[in-house]
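Structure at a glance
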Amino acid sequence: MHTVTEISQRDEFIENRTYDEIAVGDSAVLTRTLKPEDIQLFAIMSGDVNPAHVDPEYARSSMFHEVIAHGMWGGALISTVLGTEFPGPGTIYVSQTLRFSRPVKVGDTITITLTCTQKFDHNKHMIFDCVCTNQDGLKVIRGEAEVLAPSEKIKRLRVPLPEVTISDREARYRRLFGKAQGLRAVRAAFAYPCDIATLQTAVSVRDTGFMEPMLIGPEARIRALAEEHALSLAGARIINVAISHQAAARAVEMARSEDVAAIVQGSLSTEELLRAAIAPNGLRLQRRLSHVLYIDVPSNPRPIIITDMMVNIEPSLLDKVDIAQNAIEFAQMMGVPEPKVAVLGAQETVTPKMRATVDAAALCKMADRGQIVGGVLDGPLGFDNAVSLISARTAGLKSVVAGQADILLAPDLESGNMLAKQLEHLSDAISGGVVLGGRVPIVLVNRGDSIESRIASCVLALLVANHLRARR
C-alpha cells in the first residue's frame with residue numbers, strides 16, 4: 001500500500017524518511033500560494049530582475065499580461081520537499097530535470113507532488129517524479145529528480161527563520177503618486193529655488209505633469225545652477241526677484257491673486273516663508289495654518305498622518321481644534337471617510353499637571369459636541385497604544401481609535417517633529433507633507449529631504465489644490 005504524506009512547514013520537528021522507509025509509489029505533497037513578496041524575495045536572493053517578474057508595467061505588455069513567478073521558484077519548492085521531508089535531512093541532490101508548461105501568477109496555489117518511481121539498493125539512489133499543478137489542476141512543472149537518500153534516521157527541532165520585511169520604497173512612492181493620476185496639473189510658485197534639490201524637484205514635477213513650476217528668485221543664479229547640473233528649464237517661467245524674503249512675498253501675492261494654486265519652499269528659511277503666509281495680507285483664512293505629514297511605514301498596515309511637526313510650536317487648545325480639523329479633512333482627501341484621531345500624550349489618564357492630557361480630553365468632548373467633525377477622536381493615548389492593537393488590548397483600552405489610528409495629533413511641534421523624524425530615519429518610512437488651512441497648500445521642506453519625499457509633498461499639494469478648486 002502506497003503512502004501519501006501531506007507536508008506542513010509548521011511542525012515543531014523536521015524528520016526524514018530513510019531509504020528503507022520509502023517504497024516505490026510513496027509520495028509527498030506540499031501546497032503553496034504565490035504572494036508578491038515571494039517574487040520579490042526570489043529576485044533579491046537570485047539577482048534575477050527580469051522585468052517579466054518585477055516590473056508590472058512591462059509585464060502588462062508581455063504575452064502573459066501580468067507579473068509571473070520565476071520558473072525556478074517552483075523548482076525551489078521541489079527542493080524544499082526533498083530536503084525537508086521526503087526523504088528529508090541527509091538527502092543529497094544528484095540531478096534534476098524540469099519542464100515548464102504554464103506560468104505561475106500571483107495568487108496561484110501550487111501543489112507539488114513527489115512520487116518515488118525507482119530505488120537502487122547498490123548505491124541508495126532514488127528517482128522521484130516531480131509534478132507541480134495549479135489550483136485548476138493544470139500542470140505547471142514536470143520533472144524528475146535523482147537523489148542519494150539518507151540511511152540514518154534524523155529528527156531535529158525545526159530551526160525558526162527570522163521575520164523578513166520587504167521595504168519597497170519605490171512601490172510605496174508609486175502608490176502615493178498614483179493618487180494624482182488623472183488630476184489636472186496646478187501652477188505652483190517655487191519660492192527662491194536657489195539650491196539643486198528644489199530645482200530638481202521643480203523639473204521632476206514638471207516632467208511628470210503634476211505641476212507647472214513658477215520659479216521666483218534671482219534669474220541669473222537659477223539659470224546658472226540649472227546649467228551646472230544639466231537641467232532643462234523649458235516650460236518653467238522664471239520671475240526675477242533678488243532676495244529671499246521678496247520671493248516669499250511674491251509667492252504669497254501670486255497665491256492671493258490665484259495666479260498659482262500652491263507654494264513650494266526653496267532655499268529660504270521656513271520662518272521666512274511662513275511669516276509672509278500669515279501676514280495680514282497673507283494666506284490665512286478662518287482656520288489656523290497647520291502641517292500634516294503623510295508617512296508610510298513598512299511595518300504598519302496603512303499610512304499614518306502626523307500633525308503638527310512644522311508650524312505650530314506650542315498650540316493652544318483652540319489651535320489644536322483647527323489642527324485636528326485640518327488633518328481630518330486631509331485624511332478624507334486621501335480616501336479615509338471617517339479618520340480615527342489619536343490625541344497623543346505620555347499616558348492614558350487625564351492629569352492636570354500634564355497639559356497634553358487635559359487638552360486631549362477636552363478635544364474629545366468637543367468632538368462629541370460637534371465642534372470637530374468628520375472624524376473619531378480619542379485621547380490621551382500613548383504612541384504605542386495609538387498604533388498597536390496588542391498594546392491597546394494589554395492596557396485594557398476599549399476604544400475604536402486605540403491601535404488603529406489614522407491621525408496622530410502631537411502635543412506640540414517638538415514631540416511631533418521628533419516622532420516624525422524617528423519614523424523616517426529608523427523605520428525606512430516614506431513621507432510627504434503639506435501645510436493646510438490657507439488659500440493654497442504650502443510645501444515645507446527639511447534640508448535632508450530626498451527628492452522622492454519632496455515630489456511626494458508636491459503630489460499632496462496637488463491633491464489639496466484640486467480639492468480646494470472643486471470646493472470653490
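For the structure, see preceding data.
Residues numbered from 1 in each chain as written. Predicted model: local features only at pLDDT ≥ 70, side-chain atom pairs only at ≥ 80, totals over all residues. Heavy atoms only, no water.

It is worth spelling out the environment of lysine 320 at this point. Assignment of secondary structure puts lysine 320 in helix 10 (residues 317-333). The sequence separation of lysine 320 and serine 290 amounts to 30 residues, and the corresponding C-alpha distance is 9.2 Å. Not counting chain neighbours up to four residues away, the residues in contact with lysine 320 comprise Pro315, Arg355, Ala356, Asp359, Leu363, Leu409 and Pro411. (Helix = DSSP H or I, 4+ residues; strand = E, 2+ residues; numbered from the N terminus. Contact = heavy atoms within 4.5 Å.)

Tallied over the entire structure, the rule returns zero disulfides. You can see cysteine 132 has no disulfide; the closest cysteine sulfur is in cysteine 130, sitting 7.5 Å from it. (Disulfide = S-S within 2.5 Å.)

This part is about the nonpolar core. Of all hydrophobic cores here, the largest spans 109 residues; its most connected members are Met211, Ile263 and Phe330. Element by element, the count of residues in this core is highest for helix 15 (residues 451-471), at 11 residues. If we skip the residues at most four places from it in the chain, methionine 211 touches Ala185, Val186, Ala188, Phe190, Val205, Arg206, Ala262, Val264, Cys458, Ala461 and Leu462. Formed by 30 residues, the second largest nonpolar core is a distinct cluster that contains Ile39, Trp73, Cys130 and Val147. (Core = buried A, V, L, I, M, F, W, Y, C linked by side-chain atoms within 4.5 Å. Buried < 20%, exposed > 50% of the residue type's maximum accessible area, 1.4 Å probe, protein only.)

On to the pairing of strand 12 (residues 262-265). Side-chain alternation along strand 12 places Ala262 and Val264 on one buried face and Ile263 and Gln265 on a second face that is also buried. In this structure, strand 9 (residues 186-191) lies alongside strand 12, joined through four bridges in parallel fashion. When the bridges of strand 12 are listed, alanine 191 appears paired with glutamine 265. Sheet topology note: the strand 12/strand 19 (residues 442-443) ladder contains two bridges and is parallel. Bridge pairing in strand 19 places valine 264 opposite valine 443. (Pairing = 2+ DSSP bridges.)

Going through the model one piece at a time under the given rule, you end up with 18 salt bridges. Notably, a salt bridge pairs lysine 105 with glutamate 66, separated by 3.4 Å at the nearest N-O pair. Residue lysine 105 is located in the loop between strand 4 (92-100) and strand 5 (109-120), and its partner glutamate 66 is located in the loop between helix 3 (56-60) and helix 4 (71-84); the two are separated by 39 residues in the primary sequence. Look at lysine 105 and you get partly exposed, because its relative accessible area is 23%. On the basis of relative accessible area, glutamate 66 is assigned to the partly exposed category, the value being 34%. In this structure, arginine 174 engages glutamate 170 in a salt bridge whose closest nitrogen and oxygen atoms are separated by 3.2 Å. (Salt bridge = Lys/Arg side-chain N within 4 Å of Asp/Glu carboxyl O.)

Moving on to the environment of aspartate 308. Along the polypeptide, aspartate 308 turns up in the loop between strand 14 (304-307) and helix 10. Given the relative accessible area of 3%, aspartate 308 is considered buried. In this structure the C-alpha to C-alpha distance between aspartate 308 and glutamine 286, which are 22 residues apart in sequence, comes to 18 Å. Filtering out sequence-adjacent residues up to four positions away, aspartate 308 remains in contact with Leu289, Ser290, His291, Ile323, Ala410, Asp412, Leu413 and Gly416. Separated by 2.9 Å, the side chain of aspartate 308 and the backbone nitrogen of methionine 310 make a polar contact. A distance of 2.7 Å separates polar atoms of two side chains, one belonging to aspartate 308 and the other to asparagine 312. (Polar contact = N/O pair within 3.5 Å; in protein donor to acceptor, adjacent residues only side chain to side chain.)

Turning next to the packing of aromatic side chains. Applying the stated rule across the entire model yields three aromatic pairs. What links up through ring pairs into an aromatic cluster is the set Tyr173, Phe177 and Phe210. For lysine 119, the ring lying beneath its charged end belongs to tyrosine 19, and the centroid distance is 4.3 Å. Geometry around phenylalanine 13 places lysine 155 over its ring, the cationic atom sitting 4.7 Å from the centre. (Phe/Tyr/Trp six-rings, centres within 6.5 Å; stacked < 30°, edge-to-face > 60°. Lys NZ or Arg CZ within 6 Å of the ring centre and 35° of its normal.)

Along its 14 residues, helix 14 (residues 413-426) runs 20 Å from first to last C-alpha, staying within 8% of the 20 Å computed at 1.5 Å per residue. Within helix 14, the full set of buried residues consists of Leu413, Gly416, Asn417, Leu419, Ala420, Leu423 and Glu424. Buried residues of helix 14, seen end-on, are gathered within an arc of 165° and therefore sit on one face of the element. Exposed and oriented more than 90 degrees from the buried face of helix 14 are Glu414, His425 and Leu426. The inward-facing, buried residues of helix 14 abut strand 13 (290-296), strand 14, strand 15 (340-344), helix 12 (383-387), strand 17 (407-409) and strand 18 (430-436). Its side-chain oxygen at 3.3 Å from the backbone nitrogen of glutamate 414, aspartate 412 defines the N-terminal cap of helix 14. One or two positions beyond helix 14, positive phi appears at aspartate 428, with a value near 60°. (Expected span 1.5 Å × (residues − 1). Arc of directions from axis to C-beta.)

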